[in-house]
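Fold and contact review
Each chain, written out:
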Amino acid sequence: MRFPMKIVERLLEGVFKMSSSITSIVILLIIIFLFKEGFGLFRSPVVENGYGLYINSKNPIADINPTQIKQIFDGEIDNWKTIGGNEESIYLFRFDEIFSIYTDEELGENYQFLPQKLNNIIAENSNIIAFFPKKYMQEISSNTKEIATKNIEITDFVLGKEWLPTTTPSPLFGIVPLVLGTLLVSFLAILIALPLGLGVAIYLSEIASNRVRGIIRPAIELLAGIPSVVYGFFGLVIIVPIVQKVGNISAGETAFTGSLILAIMALPTIISISEDAIRNTPLALRESSYALGATQWQTIYKIVIPYASSGISAAIILGIGRAIGETMAVLMVTGNGAVIPHSIFESVRTIPATIAAELGEAPIGGTHYQALFLLGCVLFLFTLILSIVSELISKKQTSKTA
Amino acid sequence: MKKTIILTISLFCLVLNIKAQKIKGSDTVLPLSQEAAENYKKKNPASAVSVTGGGSGVGISALISGTTEIAQASRKIKFDEKLKIQESGNSLKEIIIAYDALSVIVNPSNKVSKLTREQLEGIFTGKITNWKEVGGEDLKIVPYSRETSSGTYEFFKESVLKNKNYKSGIMSLPATGAIIQSISQTKGAIGYVGFAYLNTKVKTINISYDKGKTYVIPNITNVKNKTYPIVRPLYYYYLTKNSNKVKGFVDYILSPEGQKIVSNVGYITLK
C-alpha cells in the first residue's frame, strides 16, 4: 500500500507545480500583452490614422503641433497669423462637407472624381485647412501641400496636460490630469482612513472585550464584501448631496467625495492588517512595560505602536493600492472631469475610471485603444512599486522579530 | 441521473441546431431590440435572436468582421467604416427603425426655460459659465456630459456644438441615470439625455435653432413634425448578402406591432 501512496503524492506534487507555473506564465503573458499593445501608441501618427491634413501650397506653414490642430478645429485659432502664417482667416474644411457641396453623381459611383474635387477646393482657397482620408490624395497636385505629421511622442503622453481621446483630427493623450487625479484621490482617502482604521485596530486588539470584538470584526469583514458599484451608488445618492450642501459648492462630484468612499472601502484592509501587526507584539514586551509602572495607554503608544509600525506601514501601502486600482465607485462619484485638480473640491478623473468608461467604444487596435492600454501599464507600474515597498517593509518586520 | 444526462444532451443539441441571428451595437437601441426580439421569438418559436450592446462602434466593427448579422447604431455609419465594408466586397443596407430626441435638462429650481443652440454651444464649450449670462440667476453653470464612448456624446457634439470640443475637464458620467440623478440634486446643473428617460425630477429646456425666433419643447408631436431640432434616427445595418436571413426580424420591427414596441420603449415611431 505504501508504493501507490507515493505515486499519488508525486502526482499531486506535479499538479501543484504545474498549476503554479501556469499561473506565473499567464501573469507574465498578460503583462507582456499589456505593454505590447500600449507601446504601439508611439508608432501611431498624431493625426488620425489614414487621414491627412492638407493646405494650399501658397501657405507658408509647414508644421502644426497637436494642440494647435485642436485649437484650429475648435475655432479658438481663426487666423493663420497666430501660428506664424500670413494674415488670413482660417477656412476649416472637414471631409463630410464635400457631400454637401457636390452630389453623389458628381463624385462618381465609386467616388472616382472625389480626389479631383478635393484638389479643386484646396486650389481655390488659399486659406484652407482640409482634413480627409489619405487615399484620396495619392497624387498630390502642385496646388496642395500635406502638413507633415510626426508620430505621437512619449513626452506628449507623459507631460501632456489634456486628455481628449476622441477629438478629430488629432486626439490628445496627455496623462498628467489623470495621474494627478488618481494620486490625489488615493492619498486623500488614506489620510481619512488611516486615523480611523488605526483607532479601530487599537481598540479591537487592546481595549475591546471578546464579545464586542466578536461583533465588530465580522461587521468590518462584511464591509470588504460589499460590491464596489454599491458603494458608488451609495456615494452618488447620499454622499454627493451632503458634500455639496456642507461644502457649499456648485457640484458635489469632487475628489473629496471620491476619497470619502475610497476611505470606507480601504478601511477593512487597513484595520485587519494593522490589527494583526499590533497583536503580534510579544507579551513579554507588554508585561515589561506594565512592570515598569506604565499605564495601558502609555504601553499602547510607547511600546505597541512603535513595535507594530512596519506592519501599520504595510497596511497603509496596501490600502493605497486598493484605492488606486478602484474603478466603479470612483467612476460614479468623482465627476470624471479630466482637468488638473487645483483643490480637493473639484471634479477629477482617475486612470481606472478612464479605462472602464472608454474601452467599450475605442476601435480595437486604434490609437485610443492603445492609449488606454498604456494607461493600464502606468497603473500597473504604480501598484508594482507599492507592492515592492510593502514587501520591503514586511521583510524589515520579520528581521526585527527574529 | 440518466434523465439529467439525456436532458443536457438534448438541450445541447437544441442549442447547436438553432441558428441564432445576432444583433449587436448601440446601448441606446438595446432596450428596443431586446423587447422586439423577445416578442418576435414568441411569435416564431423556431427562430432565435440574440441581442448584445457595447456601443455603436462595436456593433459596426462586428458587422465588418462578420460576427454579427445586424449592427444597431445610434449614429450614421462613418465614411471609413463604409469603406471597410466596400473593401471586403460587400454592400450595406441601412434601415431607420425609430427616432430618438435628445432633451436638454436642468434642475427644477432653475428659472431658465429656453436656450438657443448658440447659448448651448457656449455653455458646453465653457465660454458661458454663469446662468445670469443666459437670463437666469447669479449661479455657476455645471454642465454634465456623457462619456466619450457613448453615441449620445457624439451626436450632441455634432448637432449642438457643431463639432467643437466640449470644454476641457467637463464632468462626464457613465450612464443616463447618473446624469438625471446628479442634475436633480445640483442647482446649477445642465445636461442632455435621451427623450425616453425624462422624468419629473428634472426640467426640460425649450430649444431654438434659429437664433431665438422660435423655441420648441421636445414632445412626440414636435419630434414627429420635425420642428424639434435635436433628433437622431436609430439605425439597423446589415450586409445585403444576409438580407434573406434578417428579413423576418427587420420586417417585424417595421410592422405596426414592432412600431408599438418602439413607442412603448419610449422612442418615436417612424410614422
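For the structure, see preceding data.
**Examining the overall build of chain B**
The secondary structure content of chain B amounts to 10 helices and 11 strands. For chain B, the C-alpha atoms occupy an extent of roughly 75 × 45 × 35 Å along the three principal directions. Evaluated residue by residue, chain B yields a buried proportion of 52% over its 271 residues. Carbon together with sulfur atoms contributes 55% to the accessible area of chain B, which is approximately 12,400 Å² in total. Measuring between centres, the 38 positive side-chain charges of chain B sit 4 Å from its 20 negative side-chain charges.

**Notes on the overall build of chain A**
When helices and strands are tallied, chain A shows 15 helices and 6 strands. Scaling as 2.2 N^0.38, a compact globule of 402 residues should have a C-alpha radius of gyration of about 21 Å, whereas chain A reaches 30 Å, well beyond that. Taking all 402 residues of chain A together, 45% fall into the buried category. Intrachain contacts of chain A at a sequence separation of at least 6 include 69% that bridge at least 24 residues. With an accessible surface of roughly 20,300 Å², chain A has 64% of that area assigned to carbon and sulfur atoms. In chain A, the 28 positive side-chain charges and the 33 negative ones have mean positions that sit 16 Å from each other.

**Observations concerning empty space enclosed by the protein**
One pass over the structure, following the stated rule, counts 2 cavities of 30 Å³ or more. Quantified by volume, the largest cavity comes out at close to 190 Å³. Looking at the largest cavity, it is lined by 20 residues, and the ones nearest its centre are Trp 163, Leu 164 and Ala 338 of chain A together with Thr 148 and Ile 170 of chain B. When its residues are assigned to classes, the lining of the largest cavity shows 7 nonpolar, 7 polar and 6 charged.

**Notes on the pattern of salt bridges**
All names here are of chain A. Following the criterion strictly, the structure yields 21 salt bridges over all chains and no others. Residues Lys 81 and Glu 87 are paired through a salt bridge, measuring 3.3 Å at the closest nitrogen-oxygen approach. Each of the salt bridges in this network shares a partner with another, and the network as a whole consists of Arg 213, Arg 217, Glu 221, Glu 275 and Arg 279.

**A look at the environment of Gly 248 of chain B**
Mapped onto the secondary structure, Gly 248 of chain B falls in helix H9 (residues 243–254). Expressed as a C-alpha distance, the spacing of Gly 248 of chain B and Ser 47 of chain B, which sit 201 residues apart in the sequence, is 9.6 Å.

**Structural notes on the interface of chain A and chain B**
Across the contact, 32 residues belong to chain A and 34 residues belong to chain B. Among the ionic pairs, Glu 147 of chain B bridges to Arg 349 of chain A, the shortest N-O distance being 2.8 Å. Between chain A and chain B we count 11 residue pairs in polar contact (both at pLDDT 80 or more) in total. Elements with a contribution of two residues or more to the side of chain A that touches chain B: helix H9 (228–247) and helix H14 (351–358) of chain A.

Conventions we followed
Residues numbered from 1 in each chain as written. Chains lettered and ligands numbered in written order. Predicted model: local features only at pLDDT ≥ 70, side-chain atom pairs only at ≥ 80, totals over all residues. Heavy atoms only, no water. Helix = DSSP H or I, 4+ residues; strand = E, 2+ residues; numbered from the N terminus. Buried < 20%, exposed > 50% of the residue type's maximum accessible area, 1.4 Å probe, protein only. Areas by Shrake-Rupley, 256 points an atom, 1.4 Å probe, with all protein chains shown as cover. Lys, Arg positive; Asp, Glu negative; His and termini not counted. Charge placed at Lys NZ, Arg CZ, Asp CG, Glu CD. Rg over C-alpha atoms; globule rule 2.2 N^0.38 Å. Contact = heavy atoms within 4.5 Å. 1 Å grid on protein atoms, 1.4 Å probe; cavity = no way out; pocket = protein on both sides within 12 Å on 5 of 7 lines; lining within 4 Å. Points joined across faces, edges and corners; volume = space filled by probe spheres on them. Nonpolar A, V, L, I, M, F, W, Y, C, P; charged D, E, K, R; others polar. Salt bridge = Lys/Arg side-chain N within 4 Å of Asp/Glu carboxyl O. Polar contact = N/O pair within 3.5 Å; in protein donor to acceptor, adjacent residues only side chain to side chain.

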